[in-house]
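Structural overview
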Amino acid sequence: EPEVTQTPSHQVTQMGQEVILRCVPISNHLYFYWYRQILGQKVEFLVSFYNNEISEKSEIFDDQFSVERPDGSNFTLKIRSTKLEDSAMYFCASSQALSEQFFGPGTRLTVL
Amino acid sequence: AQKVTQAQTEISVVEKEDVTLDCVYETRDTTYYLFWYKQPPSGELVFLIRRNSFDEQNEISGRYSWNFQKSTSSFNFTITASQVVDSAVYFCALSDLTGANNLFFGTGTRLTVIP
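Residues numbered from 1 in each chain as written. Chains lettered and ligands numbered in written order. Predicted model: local features only at pLDDT ≥ 70, side-chain atom pairs only at ≥ 80, totals over all residues. Heavy atoms only, no water.

1. Some points on the overall build of chain A
What chain A contains, in helices and strands, is 0 helices and 11 strands. Each helix (α) and strand (β) of chain A, taken in turn from the N terminus, gives the series β-β-β-β-β-β-β-β-β-β-β. Against the 2.2 N^0.38 benchmark of 13 Å for 112 residues, chain A shows a C-alpha radius of gyration of 13 Å, consistent with a compact globule. Its C-alpha atoms give chain A principal-axis dimensions of roughly 35 × 25 × 25 Å. Each of the 112 residues in chain A was classed as buried or not, and the buried ones make up 44%. Restricting to contacts in chain A with at least 6 residues of sequence separation, those with at least 24 account for 53%. When the accessible area of chain A is evaluated, it comes to approximately 5600 Å², of which 46% is carbon and sulfur surface. (Helix = DSSP H or I, 4+ residues; strand = E, 2+ residues; numbered from the N terminus. Rg over C-alpha atoms; globule rule 2.2 N^0.38 Å. Buried < 20%, exposed > 50% of the residue type's maximum accessible area, 1.4 Å probe, protein only. Contact = heavy atoms within 4.5 Å. Areas by Shrake-Rupley, 256 points an atom, 1.4 Å probe, with all protein chains shown as cover.)

2. Observations regarding the nonpolar core
In a soluble, globular protein the nonpolar side chains are often hidden away together inside. Residue and element names in this part refer to chain B. Core analysis: the largest hydrophobic core is formed by 24 residues, its most contacted members being Trp36, Trp66, Phe77, Tyr90 and Leu111. When residues of this core are assigned to their parent elements, the largest contribution, 4 residues, is made by strand β10 (residues 88-96). In contact with phenylalanine 77, not counting residues within four places along its chain, are Val19, Thr20, Leu21, Trp36, Leu48, Tyr64, Ser65, Trp66 and Tyr90. (Core = buried A, V, L, I, M, F, W, Y, C linked by side-chain atoms within 4.5 Å.)

3. Topic: unusual backbone geometry
In this structure, the amide linkage connecting threonine 7 of chain A to the following residue, proline 8 of chain A, adopts the cis form with an omega of -10°. You can see proline 8 of chain A is positioned in the loop between β1 (5-7) and β2 (10-13). Even without glycine at this site, alanine 81 of chain B takes up a positive phi of about 50°. Mapped onto the fold, alanine 81 of chain B is located in the loop between β9 (74-79) and β10.

4. Concerning the interface of chain B and chain A
Listed by partner, the interface residues are 20 residues for chain B and 18 residues for chain A. Carbon and sulfur atoms make up 58% of the surface buried where chain B meets chain A, a total of about 1700 Å² over both sides. Our count for the chain B to chain A interface comes out at 1 salt bridge. Of the charged contacts, one joins glutamate 100 of chain A and arginine 50 of chain B as a salt bridge, the two residues approaching to 3.7 Å between their closest N and O atoms. Counting the contacts that link chain B with chain A gives 5 residue pairs in polar contact (both at pLDDT 80 or more). Broken down by element, the side of chain B that touches chain A gets its largest block of residues, 4 residues, from strand β5 (residues 32-39) of chain B. Considered class by class, the residues forming the side of chain B that touches chain A number 10 nonpolar, 8 polar and 2 charged. (Buried area = accessible area lost by both parts, 1.4 Å probe. Salt bridge = Lys/Arg side-chain N within 4 Å of Asp/Glu carboxyl O. Polar contact = N/O pair within 3.5 Å; in protein donor to acceptor, adjacent residues only side chain to side chain. Nonpolar A, V, L, I, M, F, W, Y, C, P; charged D, E, K, R; others polar.)

5. Structural notes on the confidence of the model for chain B
Confidence in the prediction for chain B averages 92 pLDDT; 97% of positions are at 70 or higher. For chain B, per-element mean pLDDT is lowest for strand β7 (residues 59-61) of chain B, which scores 86, and highest for strand β3 (residues 19-21) of chain B, which scores 98. (pLDDT = per-residue confidence, 0-100.)

6. With respect to the pairing of β10 of chain B
Residue and element names in this part refer to chain B. Counting buried positions along β10 gives 9 out of 9 residues, so the element sits mostly inside the fold. In this structure, β5 lies alongside β10, joined through 8 bridges in antiparallel fashion. Among the inter-strand pairings, tyrosine 37 is bridged to a residue of β10, identified as phenylalanine 91. Summarising the sheet, β10 and strand β12 (residues 109-114) pair through 3 bridges and their orientation is antiparallel. Looking at the pairing, tyrosine 90 lines up with threonine 109 of β12. Inspection of the sheet shows β10 paired to strand β11 (residues 104-105) by 2 bridges, in the antiparallel sense. What sits directly across from leucine 94, in β11, is phenylalanine 104. (Pairing = 2+ DSSP bridges.)

7. Thoughts on the state of the cysteines
Cysteine pairs can be linked by a disulfide, which is a covalent bond between their two sulfur atoms. According to the stated counting rule, one finds 2 disulfides over all chains in the structure shown. Put simply, cysteine 23 of chain A and cysteine 92 of chain A are joined by a disulfide, and their sulfur atoms are 1.9 Å apart. Its S-S torsion of about -65° marks the bond between cysteine 23 of chain A and cysteine 92 of chain A as left-handed, since a negative value means left-handed. A residue pair is termed long-range when its members are at least 10 positions apart, and cysteine 23 of chain A in strand β3 (residues 19-24) and cysteine 92 of chain A in strand β9 (residues 88-95) qualify at 69 residues. Here cysteine 23 of chain A matches cysteine 92 of chain A in class, with each residue buried. Disulfide partner of cysteine 23 of chain B: cysteine 92 of chain B, at an S-S distance of 2.0 Å. Its S-S torsion of approximately -65° makes the covalent link between cysteine 23 of chain B and cysteine 92 of chain B left-handed. With a gap of 69 residues between them, cysteine 23 of chain B in the loop between β3 and β4 (24-26) and cysteine 92 of chain B in strand β10 connect regions that are remote in the sequence. When its relative accessible area of 0% is taken as the criterion, cysteine 23 of chain B is described as buried. Judged by its relative accessible area of 0%, cysteine 92 of chain B falls in the buried class. (Disulfide = S-S within 2.5 Å.)

This is how it looks when you write it as structure tokens:
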């Protein structure tokens, strides 16, 4: 069964460093998403991506965040200068048009 | 604006008991989807169900059932004859049908099934 994959599973970084979180969505899906979940809290929407551009973004998704689909399979989230409060689990998801979203296993980001 | 409320933060039941997880939502949209996701201790988010706002029929899938009541803006989830493997955090979520169909999640209910 096709699934969304994410790498790495855990990323530790120093405050101020750049990180890139990688996702491989399900191959025939058209919409791609990033969500984050601070430990013990709810899952929050960050950004959606369709047709090689951002569809929507939340207030959380400020200028330090960017997304890219550099080739036909990967979908990346870059955080330019990490802060302590960026520590969270980051989930990638994908869907066909307006259908249920399937989530990857997540990347746990720890900012020291 | 969309809002999803899961008032029960934690529930504990003994194995084989039935349990209902509550979800109340707010939206100005007339057309929307409602979802339930399961997050087991391993951390991944597992899709359980999607419901269209036009379809108020209750749904049953094995030991799981869902009760959608538009009049009370509720989408409750019942697990019958609970098992230890049902222990997880369960999230209710809402999306509209505009834009990219982003999900708005509730705060989750942590279910612990005691053997």
